[in-house]
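# Fold and geometry: a report
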Amino acid sequence: MMQSRLRVQGHPIQPMLVTFPYGLFVCAVIFDLADVVGGPVFLGEVGYWTAVAALVTAALTAVAGMVDLWDVPPDRTRHTAISFNVVNAGMAGLFLLSCLVRADATNRGATPALLVVEVLGLAVGGVGVHLGARLMRHFDATRSETASVELVRGVDAPTVEVVRPRP
């Protein structure tokens, strides 16, 4: 049974965290697109800092993913988990490239070429979403926990756990 070391109320943390960089990367592209098509200049700056925030959250998510990877059995699931982390690193790398190019610019606005790099990063991220969904289906198939509001009301255990999963 695949069980995450990092959990909140028995649910793995990494799938919760991964939504932040994905959402921030999408927002960065939207701001940069608005900047490139002639929107106010400050939108490029907002897009840049949104991408920087996404990179920070992607790094935190990667750490959680690496912790979870320790306990994934050496089978197809491990291959999918490694692929998921590599794809997410690739997406973050493309956005990092965009941010590094823009870091010394006066207004940090996007260019059409950098926007293409960011859209490519989102496409790579789409592959990551597919792989993450595959991992979650596997995880959910191995869970036997019943879902109920009553479970949350009567919880006396700590909310956040860092434990060694049972073999």
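As shown above, the structure is provided for reference.
The sections below set out a description of the structure shown in this document. Note that residues are indexed from 1 along each chain, following the sequence as it is written. Whole-chain, interface and lining totals are the exception, using all residues; otherwise, since this is a predicted model, local features are given only for residues with pLDDT of at least 70 and side-chain atom pairs are given and counted only at 80 or more. Water and hydrogen atoms were dropped before computing side-chain values, which therefore reflect all heavy atoms in the structure.

## Quick look at the overall build of the protein
We count it as follows: Helix and strand definitions follow DSSP, with helices as H or I runs of at least four residues and strands as E runs of at least two, each counted in order from the N terminus. Residues are treated as being in contact if the distance between any of their heavy atoms lies within 4.5 Å. Where accessible areas are quoted, they stem from the Shrake-Rupley method and a 1.4 Å probe; at the residue level, only the protein chains shown are allowed to cover.
The helix and strand inventory of the protein stands at six helices and three strands. For the protein, contacts bridging at least 24 residues in sequence account for 78% of all contacts bridging at least 6. Here the protein has roughly 9500 Å² of accessible surface; of this, 71% comes from carbon and sulfur atoms.

## Thoughts on unusual backbone geometry
Located in the positive-phi region is Arg-108, a residue other than glycine, with phi close to 55°. In this fold, Arg-108 is placed in the loop between α4 (76-102) and α5 (112-142).

## Re the side chain of Thr-61
Condition: Relative accessibility decides the category of a residue: with a 1.4 Å probe and only protein chains considered, values under 20% of the type maximum give buried, values over 50% give exposed, and everything between is partly exposed. Throughout this description, a polar contact denotes any pair of N or O atoms lying within 3.5 Å of each other; where both atoms belong to protein, one of them has to be capable of donating a hydrogen while the other can accept it, and for residues adjacent in sequence the pair is counted only when both atoms sit in side chains.
Position of Thr-61 relative to the elements: it lies in helix α3 (residues 42-69). For Thr-61, a relative accessible area of 5% corresponds to the buried category. Only 2.8 Å separates the side chain of Thr-61 from the backbone oxygen of Thr-57, close enough to count as a polar contact. Leaving out residues up to four positions away in the same chain, Thr-61 has contacts with Gln-14, Leu-17, Val-18 and Pro-21.

## Considering the nonpolar core
As a reminder, the rule being used: As used in this record, nonpolar core signifies buried Ala, Val, Leu, Ile, Met, Phe, Trp, Tyr and Cys residues forming a set joined through side-chain atoms within 4.5 Å.
Counting 22 residues, the largest nonpolar core has Phe-25, Leu-55, Phe-84 and Phe-95 as its most contacted members. A total of seven residues in this core trace back to one element, the largest contributor, which is α4.

## Let's talk about helix α2 (residues 19-36)
For clarity, the threshold we go by: Take the number of residues in a helix, subtract one, and multiply by 1.5 Å to get its expected span. The arc in question is formed by the directions pointing from the helix axis toward the C-beta atoms.
With 18 residues, α2 should cover 26 Å at 1.5 Å per step; its first-to-last C-alpha distance of 26 Å lies within 8% of that length. When we look at burial in α2, the residues that qualify are Pro-21, Tyr-22, Phe-25, Ala-28, Val-29, Asp-32 and Asp-35. In a view along the axis of α2, the buried residues occupy a sector of 145°, so they form one face of it. Residues Phe-20 and Ile-30 are exposed on α2 and point more than 90 degrees away from its buried face. Of the residues one or two after α2, Gly-38 is the one with positive phi, at around 110°.

## Focus: the pattern of salt bridges
In plain terms, the rule: When a carboxyl oxygen of Asp or Glu is within 4 Å of a side-chain nitrogen of Lys or Arg, the pair counts as a salt bridge.
Here the structure, examined in full by the defined rule, presents three salt bridges. A salt bridge links Glu-45 to Arg-108, with the shortest nitrogen-to-oxygen separation between them at 3.3 Å. Of this pair, Glu-45 sits in helix α3 while Arg-108 sits in the loop between α4 and α5; the two residues are 63 residues apart in sequence, bridging distant segments of the chain. Counted as one network, the salt bridges with shared partners bring together Asp-32, Arg-102 and Glu-118.

## Observations concerning the packing of aromatic side chains
What counts is decided by this rule: Pairs were defined over the aromatic rings of Phe, Tyr and Trp, the Trp ring being its six-membered one, requiring ring centres within 6.5 Å. Orientation was assigned from the angle between planes: stacked under 30 degrees, edge-to-face over 60, tilted for the rest.
Under the definition given, this model contains two aromatic pairs. With a centroid separation of 4.1 Å and an interplanar angle of 25°, the aromatic rings of Phe-25 and Phe-95 are classed as stacked. Taken together, the residues span a long stretch of sequence, with Phe-25 in helix α2 and Phe-95 in helix α4 at a distance of 70 residues. As far as the burial class goes, Phe-25 and Phe-95 line up, both buried. Relative to Trp-49, the ring of Tyr-48 lies with its centre 4.9 Å away and its plane at 80°, an arrangement referred to as edge-to-face.

## What about the packing of α2 against α3?
Short version of the rule: Axis lines are fitted through C-alpha atoms, for helices just across the contact stretch, and the angle between N-to-C directions can take any value from 0 to 180 degrees. Roughly parallel covers angles under 35 degrees, roughly antiparallel covers those over 145, roughly perpendicular covers 65 to 115, and oblique covers all other angles. Left-handed describes a crossing in which the near helix is turned anticlockwise from the far one by less than a right angle; the clockwise case is right-handed. Each residue is assigned to one class: nonpolar for Ala, Val, Leu, Ile, Met, Phe, Trp, Tyr, Cys and Pro, charged for Asp, Glu, Lys and Arg, and polar for all the others, Gly among them.
Running from amino to carboxyl end, α2 crosses α3 at an angle of 165°, the nearest separation of the two axes being 8 Å. As the angle between them shows, α2 and α3 are arranged roughly antiparallel. For the element pair α2 and α3, the recorded crossing hand is left-handed. Looking at the contact of α2 with α3 residue by residue, the class counts come to 16 nonpolar, five polar and two charged.

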